[in-house]
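Listed below, chain by chain, are the residues.
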Amino acid sequence: MSFSFIQISDIHLGRPFSDLSKYSVDINLKHLYKNAVEKALNNAVDFAIGKAVDFVLICGDTFDSNEQDFEAKIILKEVLNKLLSADIKVFLICGNHDPLSSYNKLTFDFDENSPIHITGLNSKNPAEYTLKDKSGKNDVIIHAFSFENNVLKENPVKYFTPPQKENGGAFHIGMLHCDLDCSSESPYAPCKSAQLKDINYNYWALGHIHIPSVIDDKIVYSGTIQGRNTKETGVHGIRYIKVDDNNAIAENSFIPLDVIRYEDLCIDLSSSKDITSAASVITDSVYDLIGNDKNTSCELFLLRIYLTGMVCFYDEINEQFFSVLSERLNNQTQGKICISQINNNTSIKADLEAIISDEGIAGEIYKTIQNDDNMTSFFNSVQNSLQKLVSDCNYSEEEKQKLQVEVLNSVKENCINICGSICADERTVD
Ligand SMILES: [Mn+2]
């Protein structure tokens, strides 16, 4: 048979949005914040029902805390019931935020025959679920592992059984909430991707890492369904997987379903001649960013903008410029964009002729950095100080050369910049 499923993770029901005070956020949006996670989750349920998937995998941290709040429980129960009525099975593992010990059997009164499986609640942990197709043949085996408590310092891979001979024809899925390829000191189920590959399952549905990450086609973190802070920038959603008759993965797609999105936008203003053309460059970049999102689920973008490049209108990039631009973008998009303070990392464009003809410190610095011998010995002394670091990195000669060119170019650029500021100051004093 061919079948399909979705992978959801790190829903963190009950977790508030943070860092909001940094954005020019309209208080009327309170309702949106309150319901964004529930909306994203319902988007996932609608998607699953629309695609008539066979089952849904929920990979841990469904609740934000051991103390699941009442509303969070209601939301999950409603979602599970919707899937149940659509004849879609659900497999849920518990993560470090919502370990097994925090689940109450009375709250989730699904019996052993129910299509809702909370791993560890109705079965021993780790659990093995076998899904049969209509002919009664074993086709999918789900190996699921839950956190029993908030911390799991041991590597959980040993709890997973490799596919057995008699199940050779089945499609094996591992479900695990873990810290992959991290330090072995991690208190959140540290393990290695090579160990997962060795188990030889057809797919690993992982939870814990909030930024969606594909380790390879078969080992995937779907990421949190809805970003909740500035560390969780970028698009969020779920994974949709279709398996064909030959047990091959025919489709493995990321489906964006988030409602509010944090984004960092870095904009180079080097090519702008003046402040108004800089404003156009910024506006165009913002529209490009939100225009790239063909999916309509996202209702609000929270942007941090970083301006870079050398500009001759440095002094004009001020508070007034920021607030005018933020307000215009917010109005033009009917409130779809809120901007935090724009970070001005631009620098004054150096007037090279003024630097070259300068008879003071700026001219001296310029002459010094133009001398290759000076720069090589400068780099050597830096390299000597960082000897251990560079040798630890096992750089090849070619990579060291490349590093030298990059470092020296960046030093030169910054020096010229500083010289430009010195000359500009001298002019002002005149
Ligand atoms: Mn999490």
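Numbers given for residues are sequential positions, taken from 1 along each chain in its written order. Whole-chain, interface and lining totals are the exception, using all residues; otherwise, since this is a predicted model, local features are given only for residues with pLDDT of at least 70 and side-chain atom pairs are given and counted only at 80 or more. Computation of side-chain values covers all heavy atoms of the structure but excludes hydrogens and water.

### Focus on the overall build of the protein chain
Part 1 of the argument: Broken down by element type, the protein chain carries 10 helices and 20 strands.
Part 2 of the argument: Burial classes: relative accessible area under 20% of the type maximum marks a residue as buried, over 50% as exposed, and values in between as partly exposed (1.4 Å probe, protein chains only). Residues counted as buried form 47% of the 430 residues belonging to the protein chain.
Part 3 of the argument: In the form shown here, the protein chain has an accessible surface area of approximately 21400 Å², with 50% of it arising from carbon and sulfur atoms.
Part 4 of the argument: Counted as positive: Lys and Arg. Counted as negative: Asp and Glu, with His and the chain ends omitted from the count. For charged residues, the charge sits on one atom: NZ in Lys, CZ in Arg, CG in Asp, CD in Glu. Computed over 38 positive and 62 negative side-chain charges, the inter-centroid distance for the protein chain is 7 Å. A run of H or I in DSSP counts as a helix once it spans at least four residues, and a run of E counts as a strand once it spans at least two, with each numbered from the N terminus. The method behind every accessible area is Shrake-Rupley, applied with a 1.4 Å probe, and residues are considered shielded solely by the protein chains displayed.

### Brief notes about the coordination of the manganese ion
Part 1 of the argument: Coordinating donors are taken to be N, O and S atoms lying within 2.8 Å of the metal, or within 3.2 Å when the metal is Na, K or Ca; because water is excluded from the atom set, some sites may appear incomplete. Within the protein, the atoms that donate to the manganese ion are Asp10 (OD), His12 (NE2), Asp61 (OD) and His210 (NE2), at distances of 2.1 to 2.3 Å.
Part 2 of the argument: Read N to C, the donor residues that coordinate the manganese ion are spaced as D-x1-H-x48-D-x148-H. Of the two residues, His12 sits in the loop between β1 (3–8) and α1 (30–50) while His210 sits in the loop between β10 (203–207) and β11 (213–216), which places them 198 residues apart along the sequence. Residue His12 shares its accessibility class with His210, and that shared class is buried.

### A look at the layout of surface pockets
Part 1 of the argument: For the second largest pocket, the calculated volume is near 320 Å³.
Part 2 of the argument: Of the two site types, the cavity is a set of points on a 1 Å grid over the protein atoms alone where a 1.4 Å probe fits but cannot get out, and the pocket is an open set with protein on both sides within 12 Å along at least five of seven lines, each lined by residues with an atom within 4 Å of a point. The wall of the second largest pocket is formed by 17 residues, among which Gly14, Arg15, Pro16, Tyr33 and Lys34 lie closest to the centre.
Part 3 of the argument: The set of elements that each furnish at least two residues to the lining of the second largest pocket consists of α1 and α2 (70–85).
Part 4 of the argument: Considering each element in turn, the lining of the second largest pocket owes the most residues, 5 residues, to α1.
Part 5 of the argument: The nonpolar class holds Ala, Val, Leu, Ile, Met, Phe, Trp, Tyr, Cys and Pro. Asp, Glu, Lys and Arg form the charged class, and all remaining residues, Gly among them, are polar. Of the residues contributing to the lining of the second largest pocket, the split by class is 8 nonpolar, 2 polar and 7 charged. Grid points are joined across faces, edges and corners, and a volume is the space filled by probe spheres set on the points.

### Overview of the pattern of salt bridges
Part 1 of the argument: The term salt bridge refers to a pairing of a side-chain nitrogen on Lys or Arg with a carboxyl oxygen on Asp or Glu at a separation within 4 Å. Counted by the stated rule, this structure contains 9 salt bridges.
Part 2 of the argument: The residue Asp64 makes a salt bridge to Arg15 at a minimum N-O spacing of 2.8 Å. Here the residue Asp64 occupies a position in the loop between β2 (55–59) and α2, and Arg15 occupies one in the loop between β1 and α1, the gap between them amounting to 49 residues.
Part 3 of the argument: Residue Asp64 is classed as buried on the basis of its relative accessible area, which comes to 17%.
Part 4 of the argument: A salt bridge links Lys34 to Glu71; its shortest N-O distance comes to 2.9 Å. Note that Lys34 is positioned in helix α1 and Glu71 in helix α2, a separation of 37 residues in sequence.
Part 5 of the argument: Given a relative accessible area of 52%, Lys34 falls into the exposed group.

### Observations regarding helix α5 (residues 319–332)
Part 1 of the argument: Given the number of residues in a helix, its expected span is that number minus one, multiplied by 1.5 Å. Taking 1.5 Å of rise per residue, 14 residues should cover 20 Å, and α5 covers 20 Å from first to last C-alpha, within 8% of that figure.
Part 2 of the argument: Within the span of α5, buried status applies to Phe321, Phe322, Leu325, Ser326 and Leu329. One side of α5 holds all its buried residues, which, seen down the axis, span an arc of 120°. Along α5, exposed side chains directed more than 90 degrees from the buried face belong to Glu319, Gln320, Glu327 and Asn331. Throughout, the arc means the angular range of directions from the helix axis out to the C-beta atoms.

### Digging into the side chain of Ser9
Part 1 of the argument: Tracing the backbone through its elements, the reader meets Ser9 in the loop between β1 and α1.
Part 2 of the argument: A polar side-chain atom of Ser9 sits 2.5 Å from a polar atom in the side chain of Asp10.
Part 3 of the argument: Throughout, a residue-residue contact means that at least one pair of heavy atoms, one from each residue, lies within 4.5 Å. Beyond its immediate sequence surroundings of up to four residues, Ser9 is in contact with Cys59, Gly60, Leu206, Gly207, His208, Ser222, Gly223, Thr224 and Ile225. We define a polar contact as two N or O atoms separated by no more than 3.5 Å, with the added condition that, inside protein, one atom must be a possible hydrogen donor and the other a possible acceptor, whereas residues neighbouring each other in sequence contribute only through side-chain atom pairs.

### Overview of the domain arrangement of the protein chain
Part 1 of the argument: Boundaries of every domain are those given by an automatic assignment or by a domain database. Domain annotation of the protein chain identifies domain 1 (3–258), domain 2 (261–348) and domain 3 (352–429).
Part 2 of the argument: If you average the C-alpha positions of domain 1 and of domain 3, the two centres end up 50 Å apart.

### Digging into helix α7 (residues 361–370)
Part 1 of the argument: For α7, the full list of buried residues reads Ala362, Gly363, Tyr366 and Ile369. An end-on view of α7 places all buried positions within 135° of arc, on one side of the element. Every exposed residue of α7 that faces more than 90 degrees away from the buried side is listed here: Ile361 and Lys367.

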